[in-house]
Amino acid sequence: MAKLSNHGFNNEYFDNAWNNYENEEYDVVIIGGGSVGAGAAVDAATRGLKTAVIEARDFASGTSSRSSKMFHGGLRYLAMLDFRLVAESLHERELNMSTLAPHLVKPLRFIFPLTHHVWERVMMFGGFTLYDLMGGAKSVPMQKHLTRKGVLKRAPGLKDDAVVGGVRYFDTLVDDARHTMTVLRTAAEYGASVRPHTEVIGFEKNRSGRITGAKVRDTATGRETVIHGKSFINATGVWNDKIQDMAGVQGKFTVHASKGVHIVVPKDALDCEAALCFVTEKSVLFVIPWGEYWIIGTTDTDWEKGLDLPEPAPTKADIKYILDEVNQRVERQITQDDIVGVYSGLRPLLSGKSDSTSNLSRNHAVAKVAPGMVSVAGGKYTTYRVIGKDAVDLAAKELKREVPESVTENTPILGADGYHALANQVPTLAQRYGLSEETIEHLLGRYGSLIGEVLAPAADDASLLETVPNAESYLWAEVRYAVTHEGAQRLDDIINRRLRVAIEYGDRGVDSADAIAEFVAPLLDWGDAQREKEVADFKNFVDAELQAEAALTDREANDIIVRASRAQQA
C-alpha cells in the first residue's frame, strides 16, 4: 500500500502509489475520484479490503465540484412520493452535519417564499411537517411559517409582490470539492492507494472473459502500466458508458447527462439574511450564501454534446435564464456586471435497460456488468456514502470470501474528530496563531481539527500567514498545504478546487495565478518552463470560458472549450 505520511497526498505518495499499481493485486479497484468513488473507497478500505482509486483528472474535477453546495434532505422528492429517498437523504444529512463531517457540512437556514394564498401554505405545511418528522428537525429547528411581512423582514431584497408568505426551514451547506478530496484522504488514511491524473485506457481479461486489469496512463508523464484487481468498480458518473464500452461490456443501465449552471454574485447584490428556494417551470432555483457571495442556480437541460471536454460550458442563454428567473423575484435587478463567477456541471441521470439493476428506488443503480466489474451511477451527492456502500457490497461478492459489514456510518472523515472542541476555542486559537478570529473560523470551516497541521509550517516561516495577492480570503499556508497534503498537481487544481478563487473573484483567479505558480513551483519540482506553461494554460482556459459564456448555444460554447483543452494537451 502507498504510505500516507502525516495525512499527506503529495508527489512522494503518488509515486509510491504508481509503484504499487505495477506490483500489487487489489481486492477492489475504484475508477473515479468523485463523491461516489470516494465513498466507495472509504467503505472498502475500512472493511479491510486492499483498495485502489484511480482518477483521470483531479479529485472532484467533474460533477462533484459543480453542485449547488448542499447536502439536502430531498424536500422536493416528497412531491414525488419518494419517501424512502427523503428519509435516507435526511439521515445522511444529519450524519454528516453532526458526526462524519461537521467541519465541512454546516446548517443553512432557508426561506421558501409562498406565492399563493391558503392552498399553498396548507400544502407546504403538510410537506414540511412530514419532512421534519422523517428526520429533518434533529440538529436543526423545525419549520416556521412566516407572514408576508415576516418574509420581507428577513429578505427585504425580494419584491413586495413576489411573496404572500413563506416557510423557514433548514438544510446544509458544503464545499463539495473539499469534501470529496477529504473523503479520499480518509480512505488513504485507512490504507487505500489513491492517485489522480491516472487515466484508464483499456482493460485486460483472462481466458474466461473476466476483467483482471486496467491499463492506465499517467497523464502528466505519459508512462503506462496495468493495475490488477479482483473486482473493479466503475464510479465515473457521466463517463460510465465510456468505461463500459472500453471494457467491451453491455451495462444494465446507461447514463444520460443533464447540465446544471450556477452564477456567483457579491453578497450586496441581494439584501437577504437566509438562503432562498424557488420553484420555476424548468428547475429549482436556489440562492445560496457562500462567504461574501451568493450562488444562484441551477438550470436543468439535456446535454448531448459529448464528454470529450473537461467541463460543459455555460452559455449566454443559461446565464440569461438564471438572471431572468431571479430578477422576477428581487427588487434590485442583478445584471451580468454583478457576476464574479460561473460554473457548470453534468448530472448523471439513469436510463435503465432492464429491471435487474438494484437500488433504483434510491435514484442510483448498482449492477454487475461483467465478471470482475460493477458499475454504479445516479444518486445524489447527499447519499454518496450509501451509494459507495452499495457498490462495495456488490463488488465484495466477487471476492469469494467473507467481508466485514460497512462501518462508514461511524467513521468520521479527517478533520472531524475534535472539531467541535476547537470551534469553542476560536479566541484562544486566534491569539495563539496571531490571526483574526474571522480567519480562524475560515480555517476551521475548511480543515477542522487539521488546522494545526495547516499552520504548523508558519512557526518557521511567518510569511505563510500572509494573504495571497488578489485572493485575500486565503493564506499562503493554505496554498502550501494544497500541494503538500491535498494532492494538488496543477495550478488549476489549486485555484479551482483546493481554494475556490475561480468562483469568488471577478478575475476568475487570473490575477493571482502568477504568484501562486511561483510559490508552488519548488514544491512541485516545476522548472521555469513548466511554471510558465501552467500559468499560460490556466489563463488561456479562463479566456476560453469567458468566450463560451458569451456564446448562444451549447455547440458553439462546447467548441470553444474543446479547442482550449486540446491546445493545453498539445
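Residues numbered from 1 in each chain as written. Predicted model: local features only at pLDDT ≥ 70, side-chain atom pairs only at ≥ 80, totals over all residues. Heavy atoms only, no water.

Caption draft 1: Fine view of the overall build of the protein chain. What the protein chain contains, in helices and strands, is 19 helices and 21 strands. Against the globule reference of 25 Å for 570 residues, the protein chain gives a C-alpha radius of gyration of 23 Å, in line with a compact fold. In terms of its C-alpha atoms, the protein chain occupies a principal-axis envelope of roughly 70 × 60 × 50 Å. Taking all 570 residues of the protein chain together, 59% fall into the buried category. A sequence separation of at least 24 residues applies to 72% of the contacts in the protein chain between residues at least 6 apart. Counting only carbon and sulfur atoms, one obtains 49% of the accessible surface of the protein chain, whose full area is about 22,500 Å². A gap of 5 Å separates the mean positions of the 64 positive and 79 negative side-chain charges of the protein chain. (Helix = DSSP H or I, 4+ residues; strand = E, 2+ residues; numbered from the N terminus. Rg over C-alpha atoms; globule rule 2.2 N^0.38 Å. Buried < 20%, exposed > 50% of the residue type's maximum accessible area, 1.4 Å probe, protein only. Contact = heavy atoms within 4.5 Å. Areas by Shrake-Rupley, 256 points an atom, 1.4 Å probe, with all protein chains shown as cover. Lys, Arg positive; Asp, Glu negative; His and termini not counted. Charge placed at Lys NZ, Arg CZ, Asp CG, Glu CD.)

Caption draft 2: Looking closely at the environment of lysine 316. With respect to the secondary-structure elements, lysine 316 resides in helix α8 (residues 316-327). By relative accessible area, lysine 316 is classed as partly exposed at 47%. Between the C-alpha atom of lysine 316 and that of threonine 186, which follows or precedes it by 130 residues, the distance is 39 Å. With residues up to four places along the chain from it excluded, the contact list for lysine 316 reads Ala548, Glu549, Ala550, Ala551 and Leu552.

Caption draft 3: Expanded view of the confidence of the model for the protein chain. Taken as a whole, the protein chain shows an average pLDDT of 92; of its residues, 95% reach a score of 70 or greater. Contacts of residues 1-5 to residues separated by more than four positions or lying in other chains number 17 contacts, the stretch itself having pLDDT below 50. Every residue in residues 354-362 scores below 50 in pLDDT, and together they form 23 contacts with partners more than four places removed in sequence or on other chains. (pLDDT = per-residue confidence, 0-100.)

Caption draft 4: Geometry of helix α14 (residues 476-484). Most of α14 is tucked away, with eight of its nine residues classed as buried. Three or more residues of α14 are buried, namely Trp476, Ala477, Glu478, Val479, Tyr481, Ala482, Val483 and Thr484.

Caption draft 5: Representation of the domain arrangement of the protein chain. You can read the domains of the protein chain as domain 1 (11-64 + 177-252 + 357-410), domain 2 (82-174 + 256-349) and domain 3 (419-569). The straight-line distance from the C-alpha centre of domain 1 to that of domain 2 is 31 Å. Counting from both sides, the interface comprises 20 residues of domain 1 and, opposite them, 21 residues of domain 2. Carbon and sulfur atoms make up 58% of the area that domain 1 and domain 2 hide from each other, which totals about 1,900 Å². Our count for the contact surface shared by domain 1 and domain 2 stands at one salt bridge. (Domains from an automatic or database assignment. Buried area = accessible area lost by both parts, 1.4 Å probe. Salt bridge = Lys/Arg side-chain N within 4 Å of Asp/Glu carboxyl O.)

Caption draft 6: Main features of the pattern of salt bridges. Applying the stated rule across the entire model yields 38 salt bridges. Ionic pairing is found between arginine 401 and aspartate 27, a salt bridge with its closest N-O pair at 3.0 Å. Of this pair, arginine 401 sits in the loop between α9 (384-396) and α10 (419-423) while aspartate 27 sits in the loop between β1 (25-26) and β2 (28-31), and the two are 374 residues apart along the sequence. If you follow the salt bridges from partner to partner, you end up with Asp58, Asp492, Asp493, Arg497 and Arg498 in one network.

Caption draft 7: Representation of the pairing of strand β19 (residues 373-378) in the model. Among the six residues that make up β19, six are buried, leaving the element largely enclosed by the rest of the structure. Across three bridges, the pairing between strand β11 (residues 232-234) and β19 is parallel. Looking at the pairing, asparagine 234 lines up with serine 375 of β19. Note that strand β18 (residues 364-370) and β19 share six bridges and pair antiparallel. By the bridge assignment, alanine 370 is partnered in β19 with methionine 373. The antiparallel hairpin formed by β18 and β19 contains two residues in its connecting segment, where glycine 372 sits at a positive phi of about 95 degrees. (Pairing = 2+ DSSP bridges.)

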